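Residues per chain are reported as follows:
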Amino acid sequence: MQGGGARLGGLLAAVDALQTLQSQQQVQVTRIAGTSAGAIVAALFAANVNLADVRQKLTEHRATLARRVPPPTSVLPLLRLLMGKPMVDLLPLQAEFAALLQQRGVAMMKDLGVVPDTIPLFVVASNLMTNSEVTYQPLREDESVAQAVFNSCALPFYFRGPTRDKVNPLIVDGGLCANLPIDDLLKGEAEYGPVLGITFKEQNGGSNPGSLLELALATLSASIDSSVRRARARIGEKNILYVDSHVSTFEFERALKETLSEAYQQVREKATTRLTTILSELTKPAPLNVQIEAAEQPESPQTLQAHADLYAALHADTRFGYDDVRLI
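Residues numbered from 1 in each chain as written. Predicted model: local features only at pLDDT ≥ 70, side-chain atom pairs only at ≥ 80, totals over all residues. Heavy atoms only, no water.

Q: Quick question: what am I supposed to make of the packing of helix H2 (residues 37-46) against helix H7 (residues 145-152) here?
A: Between two packed helices, both the angle of their axes relative to each other and the distance between the axes serve to describe the pair. Packing of H2 against H7 brings their axes to within 7 Å, and their N-to-C directions diverge by 155°. When the axes of H2 and H7 are compared, the pair comes out roughly antiparallel. For H2 against H7, the interelement crossing comes out right-handed. Of the residues in H7, those touching H2 at Ala39, Ile40 and Ala43 are Val145, Val149 and Ser152. Residue composition of the contact of H2 with H7, grouped by class: 5 nonpolar, 1 polar and no charged. (Axes fitted to C-alpha atoms, helices over the stretch in contact; angles between N-to-C directions. Helix = DSSP H or I, 4+ residues; strand = E, 2+ residues; numbered from the N terminus. Parallel < 35°, antiparallel > 145°, perpendicular 65-115°, else oblique. Left-handed = near helix turned anticlockwise from the far one by under 90°. Contact = heavy atoms within 4.5 Å. Nonpolar A, V, L, I, M, F, W, Y, C, P; charged D, E, K, R; others polar.)

So, in C-alpha coordinates, the structure goes:
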(Lines give C-alpha, C1' and ligand atoms only; values in the text may rest on other atoms or scores of the structure.)
Protein backbone atom coordinates (compact mmCIF):
# COMPACT_ATOMS: atom_id res chain seq x y z
CA MET A 1 0.00 0.00 0.00
CA GLN A 2 1.35 3.35 -1.09
CA GLY A 3 1.92 6.17 1.36
CA GLY A 4 -0.05 9.33 0.78
CA GLY A 5 -0.23 11.56 3.85
CA ALA A 6 -3.70 13.03 4.12
CA ARG A 7 -4.97 10.74 1.34
CA LEU A 8 -5.41 8.02 3.94
CA GLY A 9 -9.20 8.18 3.44
CA GLY A 10 -8.92 6.88 -0.12
CA LEU A 11 -6.77 3.97 1.00
CA LEU A 12 -9.21 3.22 3.80
CA ALA A 13 -12.11 3.03 1.31
CA ALA A 14 -10.22 0.75 -1.08
CA VAL A 15 -9.06 -1.62 1.65
CA ASP A 16 -12.55 -1.60 3.17
CA ALA A 17 -13.66 -3.14 -0.14
CA LEU A 18 -10.84 -5.69 0.04
CA GLN A 19 -11.80 -6.59 3.61
CA THR A 20 -15.40 -7.19 2.53
CA LEU A 21 -14.31 -9.46 -0.35
CA GLN A 22 -12.17 -11.44 2.09
CA SER A 23 -15.08 -11.82 4.50
CA GLN A 24 -17.07 -13.23 1.55
CA GLN A 25 -14.21 -15.71 0.95
CA GLN A 26 -13.56 -14.34 -2.54
CA VAL A 27 -9.91 -13.69 -1.71
CA GLN A 28 -7.39 -14.61 0.98
CA VAL A 29 -4.78 -11.97 1.78
CA THR A 30 -1.68 -13.78 3.06
CA ARG A 31 0.69 -10.87 3.86
CA ILE A 32 0.60 -7.09 3.62
CA ALA A 33 3.08 -4.21 3.42
CA GLY A 34 2.68 -0.45 3.73
CA THR A 35 4.49 2.85 3.95
CA SER A 36 3.35 5.99 5.80
CA ALA A 37 -0.44 6.33 5.45
CA GLY A 38 -0.37 2.96 3.70
CA ALA A 39 1.28 1.48 6.81
CA ILE A 40 -1.61 2.73 8.97
CA VAL A 41 -4.25 1.07 6.82
CA ALA A 42 -2.11 -2.04 6.29
CA ALA A 43 -1.66 -2.46 10.06
CA LEU A 44 -5.40 -2.12 10.67
CA PHE A 45 -6.10 -4.73 8.01
CA ALA A 46 -3.35 -7.05 9.27
CA ALA A 47 -4.80 -6.87 12.81
CA ASN A 48 -8.30 -7.58 11.40
CA VAL A 49 -9.73 -4.30 12.69
CA ASN A 50 -13.11 -3.58 11.13
CA LEU A 51 -12.46 -0.68 8.75
CA ALA A 52 -16.11 0.40 8.69
CA ASP A 53 -15.82 0.93 12.45
CA VAL A 54 -12.63 2.94 11.91
CA ARG A 55 -14.47 5.22 9.52
CA GLN A 56 -17.19 5.69 12.15
CA LYS A 57 -14.58 6.67 14.74
CA LEU A 58 -13.12 9.22 12.33
CA THR A 59 -16.63 10.64 11.94
CA GLU A 60 -17.08 11.01 15.66
CA HIS A 61 -13.67 12.66 16.26
CA ARG A 62 -13.30 14.66 13.05
CA ALA A 63 -13.02 18.08 14.72
CA THR A 64 -10.44 16.87 17.27
CA LEU A 65 -8.30 15.22 14.57
CA ALA A 66 -8.40 18.34 12.39
CA ARG A 67 -7.06 20.41 15.32
CA ARG A 68 -4.31 17.89 16.04
CA VAL A 69 -3.02 17.89 12.45
CA PRO A 70 -3.09 21.54 11.27
CA PRO A 71 -1.77 22.62 7.85
CA PRO A 72 1.98 23.37 7.74
CA THR A 73 1.33 27.03 6.86
CA SER A 74 -0.53 27.80 10.11
CA VAL A 75 1.20 29.77 12.87
CA LEU A 76 1.65 27.17 15.63
CA PRO A 77 3.35 24.52 13.43
CA LEU A 78 5.75 27.17 12.08
CA LEU A 79 6.61 28.31 15.62
CA ARG A 80 7.30 24.72 16.66
CA LEU A 81 9.57 24.29 13.64
CA LEU A 82 11.55 27.41 14.56
CA MET A 83 12.05 25.92 18.03
CA GLY A 84 13.60 22.80 16.46
CA LYS A 85 10.51 20.67 17.05
CA PRO A 86 8.32 18.85 14.52
CA MET A 87 5.36 20.91 13.35
CA VAL A 88 2.91 18.31 14.71
CA ASP A 89 3.24 16.05 17.76
CA LEU A 90 2.28 12.51 16.70
CA LEU A 91 2.56 10.88 20.13
CA PRO A 92 -1.12 11.32 21.16
CA LEU A 93 -2.30 9.79 17.87
CA GLN A 94 0.23 6.98 18.20
CA ALA A 95 -1.07 6.14 21.67
CA GLU A 96 -4.66 5.99 20.42
CA PHE A 97 -3.61 3.81 17.48
CA ALA A 98 -1.81 1.41 19.84
CA ALA A 99 -4.94 1.18 22.00
CA LEU A 100 -7.05 0.35 18.94
CA LEU A 101 -4.71 -2.51 17.98
CA GLN A 102 -4.58 -3.73 21.58
CA GLN A 103 -8.34 -4.38 21.40
CA ARG A 104 -7.47 -7.09 18.84
CA GLY A 105 -4.72 -8.49 21.05
CA VAL A 106 -1.95 -6.99 18.89
CA ALA A 107 0.91 -4.97 20.37
CA MET A 108 4.16 -6.11 18.74
CA MET A 109 5.09 -6.81 15.12
CA LYS A 110 5.69 -10.46 16.05
CA ASP A 111 2.03 -10.75 17.15
CA LEU A 112 0.76 -10.31 13.59
CA GLY A 113 0.37 -13.68 11.94
CA VAL A 114 0.32 -15.39 15.36
CA VAL A 115 -2.76 -13.85 16.99
CA PRO A 116 -5.82 -15.57 15.40
CA ASP A 117 -7.27 -13.89 12.29
CA THR A 118 -4.22 -11.67 11.78
CA ILE A 119 -1.61 -11.72 9.01
CA PRO A 120 2.08 -10.75 8.82
CA LEU A 121 2.85 -7.08 8.20
CA PHE A 122 5.88 -5.34 6.66
CA VAL A 123 6.40 -1.64 7.44
CA VAL A 124 9.01 0.53 5.70
CA ALA A 125 10.71 3.61 7.18
CA SER A 126 13.91 5.58 6.46
CA ASN A 127 17.07 5.79 8.60
CA LEU A 128 18.66 9.25 8.28
CA MET A 129 21.78 8.25 10.24
CA THR A 130 22.74 5.57 7.69
CA ASN A 131 20.75 6.96 4.73
CA SER A 132 19.09 3.58 4.28
CA GLU A 133 15.76 1.82 4.26
CA VAL A 134 14.40 0.24 7.44
CA THR A 135 11.94 -2.63 7.13
CA TYR A 136 10.11 -3.77 10.25
CA GLN A 137 9.69 -7.50 9.69
CA PRO A 138 6.73 -9.61 10.82
CA LEU A 139 6.91 -12.50 13.27
CA ARG A 140 10.52 -11.97 14.40
CA GLU A 141 10.51 -8.19 14.95
CA ASP A 142 10.37 -7.25 18.64
CA GLU A 143 9.00 -3.77 17.91
CA SER A 144 5.72 -2.08 18.75
CA VAL A 145 3.39 -2.06 15.74
CA ALA A 146 2.28 1.48 16.56
CA GLN A 147 5.90 2.65 16.84
CA ALA A 148 6.84 1.03 13.52
CA VAL A 149 3.81 2.51 11.76
CA PHE A 150 4.29 6.03 13.11
CA ASN A 151 8.00 5.92 12.31
CA SER A 152 6.93 5.17 8.76
CA CYS A 153 4.58 8.17 8.87
CA ALA A 154 7.12 10.61 10.32
CA LEU A 155 7.52 13.07 7.48
CA PRO A 156 10.63 15.22 8.16
CA PHE A 157 9.92 18.70 9.59
CA TYR A 158 6.17 18.11 9.72
CA PHE A 159 5.97 15.03 11.96
CA ARG A 160 9.62 14.62 13.03
CA GLY A 161 12.27 17.24 13.72
CA PRO A 162 16.06 17.16 14.12
CA THR A 163 17.75 15.49 17.07
CA ARG A 164 20.99 15.93 19.00
CA ASP A 165 21.12 12.21 19.81
CA LYS A 166 24.39 10.85 18.38
CA VAL A 167 23.68 7.21 19.20
CA ASN A 168 20.15 6.31 18.14
CA PRO A 169 19.26 6.79 14.46
CA LEU A 170 16.63 9.28 13.39
CA ILE A 171 13.86 7.27 11.71
CA VAL A 172 11.49 9.11 9.39
CA ASP A 173 8.89 8.59 6.67
CA GLY A 174 9.41 5.41 4.63
CA GLY A 175 8.28 7.12 1.45
CA LEU A 176 11.77 8.56 1.08
CA CYS A 177 13.02 5.04 0.32
CA ALA A 178 10.04 2.98 -0.87
CA ASN A 179 6.62 4.60 -1.01
CA LEU A 180 5.10 1.48 -2.57
CA PRO A 181 6.96 -1.29 -0.64
CA ILE A 182 6.89 -4.42 -2.79
CA ASP A 183 10.35 -5.98 -2.34
CA ASP A 184 9.62 -8.30 0.59
CA LEU A 185 6.29 -9.40 -0.87
CA LEU A 186 7.80 -10.18 -4.28
CA LYS A 187 10.45 -12.36 -2.63
CA GLY A 188 7.70 -14.65 -1.31
CA GLU A 189 5.39 -14.48 -4.33
CA ALA A 190 5.85 -18.15 -5.27
CA GLU A 191 4.81 -19.29 -1.79
CA TYR A 192 2.25 -16.68 -0.74
CA GLY A 193 0.60 -15.70 -4.02
CA PRO A 194 0.73 -12.79 -6.48
CA VAL A 195 1.34 -9.24 -5.27
CA LEU A 196 -1.40 -6.61 -5.58
CA GLY A 197 -0.39 -2.95 -5.48
CA ILE A 198 -2.80 -0.33 -4.09
CA THR A 199 -1.63 3.06 -5.29
CA PHE A 200 -2.92 6.53 -6.12
CA LYS A 201 -3.84 7.63 -9.60
CA GLU A 202 -1.51 10.41 -10.69
CA GLN A 203 -3.04 13.84 -11.26
CA ASN A 204 -2.60 15.48 -14.65
CA GLY A 205 -0.97 18.86 -14.98
CA GLY A 206 0.73 20.75 -12.18
CA SER A 207 2.59 24.00 -11.67
CA ASN A 208 6.07 25.14 -10.79
CA PRO A 209 6.78 25.75 -7.07
CA GLY A 210 6.48 29.44 -6.21
CA SER A 211 7.94 29.46 -2.69
CA LEU A 212 10.74 27.81 -0.75
CA LEU A 213 8.24 25.51 1.00
CA GLU A 214 6.62 24.53 -2.30
CA LEU A 215 10.05 23.92 -3.81
CA ALA A 216 11.04 21.62 -0.93
CA LEU A 217 7.77 19.68 -1.18
CA ALA A 218 7.97 19.42 -4.99
CA THR A 219 11.53 18.11 -4.80
CA LEU A 220 10.48 15.51 -2.24
CA SER A 221 7.42 14.50 -4.29
CA ALA A 222 9.44 14.07 -7.49
CA SER A 223 11.76 11.56 -5.81
CA ILE A 224 8.94 9.68 -4.08
CA ASP A 225 6.73 9.49 -7.19
CA SER A 226 9.61 8.15 -9.25
CA SER A 227 10.11 5.22 -6.87
CA VAL A 228 6.37 4.49 -6.98
CA ARG A 229 6.41 4.30 -10.79
CA ARG A 230 9.28 1.82 -10.70
CA ALA A 231 7.41 -0.34 -8.18
CA ARG A 232 4.28 -0.31 -10.34
CA ALA A 233 6.29 -1.43 -13.35
CA ARG A 234 7.64 -4.40 -11.40
CA ILE A 235 4.18 -5.50 -10.28
CA GLY A 236 2.55 -5.02 -13.68
CA GLU A 237 -0.56 -2.99 -14.53
CA LYS A 238 -2.81 -6.06 -14.36
CA ASN A 239 -2.16 -6.30 -10.61
CA ILE A 240 -2.60 -2.60 -9.77
CA LEU A 241 -5.58 -1.01 -8.02
CA TYR A 242 -5.62 2.75 -8.55
CA VAL A 243 -7.31 4.95 -5.96
CA ASP A 244 -8.79 8.32 -6.93
CA SER A 245 -8.01 11.13 -4.50
CA HIS A 246 -7.90 14.86 -5.10
CA VAL A 247 -6.54 15.61 -1.63
CA SER A 248 -2.93 16.76 -1.31
CA THR A 249 -0.46 15.39 1.24
CA PHE A 250 -1.15 17.96 3.98
CA GLU A 251 -4.89 18.64 3.51
CA PHE A 252 -5.93 16.61 6.55
CA GLU A 253 -9.09 18.57 7.30
CA ARG A 254 -10.28 18.20 3.72
CA ALA A 255 -9.34 14.51 3.81
CA LEU A 256 -11.51 13.96 6.89
CA LYS A 257 -14.47 15.55 5.11
CA GLU A 258 -13.84 13.37 2.04
CA THR A 259 -13.70 10.25 4.20
CA LEU A 260 -17.14 11.02 5.56
CA SER A 261 -18.70 12.02 2.24
CA GLU A 262 -20.03 10.17 -0.79
CA ALA A 263 -16.50 10.19 -2.22
CA TYR A 264 -15.59 7.41 0.22
CA GLN A 265 -18.38 5.18 -1.06
CA GLN A 266 -17.50 5.95 -4.67
CA VAL A 267 -13.88 4.92 -4.13
CA ARG A 268 -15.07 1.80 -2.31
CA GLU A 269 -17.39 0.79 -5.17
CA LYS A 270 -14.73 1.37 -7.82
CA ALA A 271 -12.27 -0.65 -5.77
CA THR A 272 -14.74 -3.53 -5.46
CA THR A 273 -15.22 -3.61 -9.25
CA ARG A 274 -11.49 -3.45 -9.97
CA LEU A 275 -10.59 -6.05 -7.33
CA THR A 276 -13.24 -8.42 -8.69
CA THR A 277 -11.72 -8.06 -12.17
CA ILE A 278 -8.19 -8.68 -10.89
CA LEU A 279 -9.30 -11.75 -8.95
CA SER A 280 -11.13 -13.22 -11.93
CA GLU A 281 -8.01 -12.81 -14.06
CA LEU A 282 -5.78 -14.36 -11.40
CA THR A 283 -8.05 -17.39 -10.98
CA LYS A 284 -8.65 -17.94 -14.70
CA PRO A 285 -7.10 -21.31 -15.64
CA ALA A 286 -4.04 -20.97 -17.82
CA PRO A 287 -4.11 -22.67 -21.24
CA LEU A 288 -2.50 -26.09 -21.17
CA ASN A 289 0.19 -27.08 -23.64
CA VAL A 290 -0.33 -30.79 -24.23
CA GLN A 291 2.06 -33.00 -26.16
CA ILE A 292 0.76 -36.41 -27.14
CA GLU A 293 3.19 -39.11 -28.05
CA ALA A 294 2.05 -42.32 -29.72
CA ALA A 295 3.03 -45.41 -27.81
CA GLU A 296 5.22 -47.84 -29.66
CA GLN A 297 3.28 -51.06 -29.97
CA PRO A 298 3.99 -54.14 -32.14
CA GLU A 299 2.01 -54.15 -35.38
CA SER A 300 -0.61 -56.90 -35.64
CA PRO A 301 -0.59 -59.26 -38.66
CA GLN A 302 -3.87 -57.72 -39.83
CA THR A 303 -2.39 -54.19 -39.79
CA LEU A 304 0.72 -55.31 -41.65
CA GLN A 305 -1.42 -57.00 -44.29
CA ALA A 306 -3.56 -53.87 -44.68
CA HIS A 307 -0.40 -51.80 -45.23
CA ALA A 308 0.79 -54.29 -47.87
CA ASP A 309 -2.57 -54.26 -49.68
CA LEU A 310 -2.59 -50.44 -49.70
CA TYR A 311 0.97 -50.29 -51.08
CA ALA A 312 0.14 -52.80 -53.82
CA ALA A 313 -2.97 -50.92 -54.80
CA LEU A 314 -1.18 -47.57 -54.96
CA HIS A 315 1.51 -48.99 -57.23
CA ALA A 316 -0.74 -51.17 -59.43
CA ASP A 317 -1.21 -50.38 -63.10
CA THR A 318 -4.92 -49.88 -62.51
CA ARG A 319 -5.51 -47.03 -60.08
CA PHE A 320 -8.44 -47.09 -57.71
CA GLY A 321 -10.57 -44.23 -56.33
CA TYR A 322 -11.40 -43.33 -52.76
CA ASP A 323 -15.14 -43.48 -52.05
CA ASP A 324 -14.76 -42.82 -48.32
CA VAL A 325 -11.91 -41.98 -45.97
CA ARG A 326 -12.11 -42.28 -42.19
CA LEU A 327 -9.52 -41.70 -39.46
CA ILE A 328 -9.78 -44.39 -36.80
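Having put the structure on the table, let's press on.
Q: Where do I start with the nonpolar core in this structure?
A: Here is a general trend for soluble globular proteins: nonpolar side chains tend to be buried in one another's company. If you look at the biggest cluster of nonpolar residues, it comprises 70 residues, and the most contacted ones within it are Leu44, Phe97, Leu121, Val145 and Val149. Among the elements that line this core, the one with the most residues is H2, at 9 residues. Counting 10 residues, the second-largest nonpolar core is a separate cluster that includes Ala33, Phe122, Ile235 and Ile240. (Core = buried A, V, L, I, M, F, W, Y, C linked by side-chain atoms within 4.5 Å. Buried < 20%, exposed > 50% of the residue type's maximum accessible area, 1.4 Å probe, protein only.)

Q: Honestly, the side chain of Thr118 in this entry has me stumped. Any pointers?
A: Structurally, Thr118 is set in the loop between helix H6 (91-102) and strand E2 (121-127). With a relative accessible area of 10%, Thr118 lands in the buried category. A polar contact is formed between the side chain of Thr118 and the backbone oxygen of Val115, at a distance of 2.6 Å. Those residues within four positions of Thr118 in sequence are excluded, and the remaining contacts are Ala46, Ala47, Val106, Asp111, Leu112 and Gly113. (Polar contact = N/O pair within 3.5 Å; in protein donor to acceptor, adjacent residues only side chain to side chain.)

Q: Where do I start with the side chain of Gln2 in this structure?
A: Examined against the element boundaries, Gln2 turns out to sit in the segment before helix H1 (8-23). Reaching out from Gln2, the side chain makes a polar contact with the backbone nitrogen of Phe200 at a distance of 3.1 Å.

Q: Would you mind showing me how to read the environment of Asp165 here?
A: Relative to the elements of secondary structure, Asp165 occurs in the loop between H7 and strand E4 (171-173). Judged by its relative accessible area of 34%, Asp165 is partly exposed. From its side chain, Asp165 meets the backbone nitrogen of Val167 in a polar contact 2.8 Å long.

Purely geometric numbers; function is a separate question.
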